[in-house]
Amino acid sequence: MSVWFILLCAVVLIAYAALGGVFLAFSDFIMRSLDLVRNQSGIEAMQVINVEIMRSVFMVLFMGMAVVSIFLVIYAWFYVDGVPGRLIMLSGAVYFAGVFVLTAAGNVPLNNTLAGLEAQTAAALSFWKESYMTRWVGLNSVRTLACFLASGLTLAALVIR
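Summary of the structure given here. From a predicted model like this one, the values you see are computed outputs, not experimental measurements.

## Examining the pattern of salt bridges
Opposite charge on two side chains makes pairing possible when the charged atoms of those side chains draw close.
Step number 1: All told, the structure shown has two salt bridges when counted by the stated rule.
Step number 2: Residue Glu52 pairs with Arg55 through a salt bridge whose shortest N-O separation is 3.0 Å.
Step number 3: You can call Glu52 partly exposed: its relative accessible area is 42%.
Step number 4: What makes Arg55 exposed here is its relative accessible area of 60%.

## With respect to the packing of helix 1 (residues 3–36) against helix 2 (residues 41–52)
Step number 1: Contact geometry for helix 1 and helix 2: axes closest at 8 Å, N-to-C directions at 130°. As far as their axial angle goes, helix 2 and helix 1 are oblique. Contact residues: helix 1 offers Phe26, Met31 and Leu34, while helix 2 offers Gly42, Ala45, Met46 and Ile49.
Step number 2: For the contact of helix 1 with helix 2, a count of residues per class yields six nonpolar, one polar and no charged.

## Focus on the environment of Leu102
Step number 1: With respect to the secondary-structure elements, Leu102 resides in helix 4 (residues 82–115).
Step number 2: With 40 residues separating them along the chain, Leu102 and Val142 place their C-alpha atoms 8.5 Å apart.
Step number 3: Other than its neighbours up to four places away in sequence, Leu102 contacts Ala97, Asn107, Leu139, Val142 and Arg143.

## Considerations on helix 5 (residues 122–160)
The periodicity of an α-helix, 3.6 residues per turn, causes residues three or four positions apart to be oriented the same way.
Step number 1: An ideal rise of 1.5 Å per residue puts 57 Å on 39 residues; helix 5 measures up with 55 Å between its terminal C-alpha atoms.
Step number 2: At Tyr132, helix 5 shows its strongest bend, of approximately 45°.

## Some details on the nonpolar core
Step number 1: Formed by 30 residues in total, the largest nonpolar core has its most connected members in Leu19, Phe62 and Tyr95.
Step number 2: For this core, the elements supplying multiple residues, two or more each, are helix 1, helix 3 (57–79), helix 4 and helix 5.
Step number 3: The element contributing the most residues to this core is helix 1, with nine residues.
Step number 4: One finds Leu34, Met46, Phe127 and Trp136 within the second-largest nonpolar core, a separate group that totals 15 residues.

## Some words on the side chain of Asn107
Step number 1: Tracing the sequence through the fold places Asn107 in helix 4.
Step number 2: On the basis of relative accessibility, which here comes to 0%, the residue Asn107 falls in the buried class.
Step number 3: Side-chain polar atoms of Asn107 contact the backbone oxygen of Trp136, separated by 3.5 Å.
Step number 4: Beyond its immediate stretch of four places on either side in the chain, Asn107 contacts Leu102, Trp136, Leu139, Asn140 and Arg143.

## A closer look at helix 1
Step number 1: Taking 1.5 Å per residue, 34 residues should reach 50 Å; helix 1 reaches 49 Å between its end C-alpha atoms and fits that length.
Step number 2: The largest bend along helix 1 reaches roughly 45° and is located at Phe26.

What counts and how
- Residues numbered from 1 in each chain as written.
- Predicted model: local features only at pLDDT ≥ 70, side-chain atom pairs only at ≥ 80, totals over all residues.
- Heavy atoms only, no water.
- Salt bridge = Lys/Arg side-chain N within 4 Å of Asp/Glu carboxyl O.
- Buried < 20%, exposed > 50% of the residue type's maximum accessible area, 1.4 Å probe, protein only.
- Axes fitted to C-alpha atoms, helices over the stretch in contact; angles between N-to-C directions.
- Helix = DSSP H or I, 4+ residues; strand = E, 2+ residues; numbered from the N terminus.
- Parallel < 35°, antiparallel > 145°, perpendicular 65-115°, else oblique.
- Contact = heavy atoms within 4.5 Å.
- Nonpolar A, V, L, I, M, F, W, Y, C, P; charged D, E, K, R; others polar.
- Expected span 1.5 Å × (residues − 1).
- Bend = angle between axes of the 7 residues up to and from the residue.
- Core = buried A, V, L, I, M, F, W, Y, C linked by side-chain atoms within 4.5 Å.
- Polar contact = N/O pair within 3.5 Å; in protein donor to acceptor, adjacent residues only side chain to side chain.

Listed below in structure tokens is the structure:
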């Protein structure tokens, strides 16, 4: 592996882990806290979070890592031999499928449905309790694991190179 690619992989490892940390916080305590606040304030707070996250550094990192992950897979396929190459390809694929695609296919539709509801209505509370909290948090937990797996695979590739 060339020096620039090793450095890129080191940055990728940190980015995957940082994104995983954000996802972990949501799965571990943020969503539970939003569910415990009185009335339907948690719904309203999540609606605001879903708007604000679109203008955040997190979103730049989230989207950027999708592009970088595809690059890792392609570059490693052609230029990185042996087990390190396979680990890097796997790490990029795990992030892209387990985080980016899962978000687009699962979390985003749930967020869009939540955005279309008036927070203080019975329909919003029903969707929040019966669908959003279980499905969104479950999907988010998979994203957390995918980020940590991708960072571990990248670390393994760097260690055994």
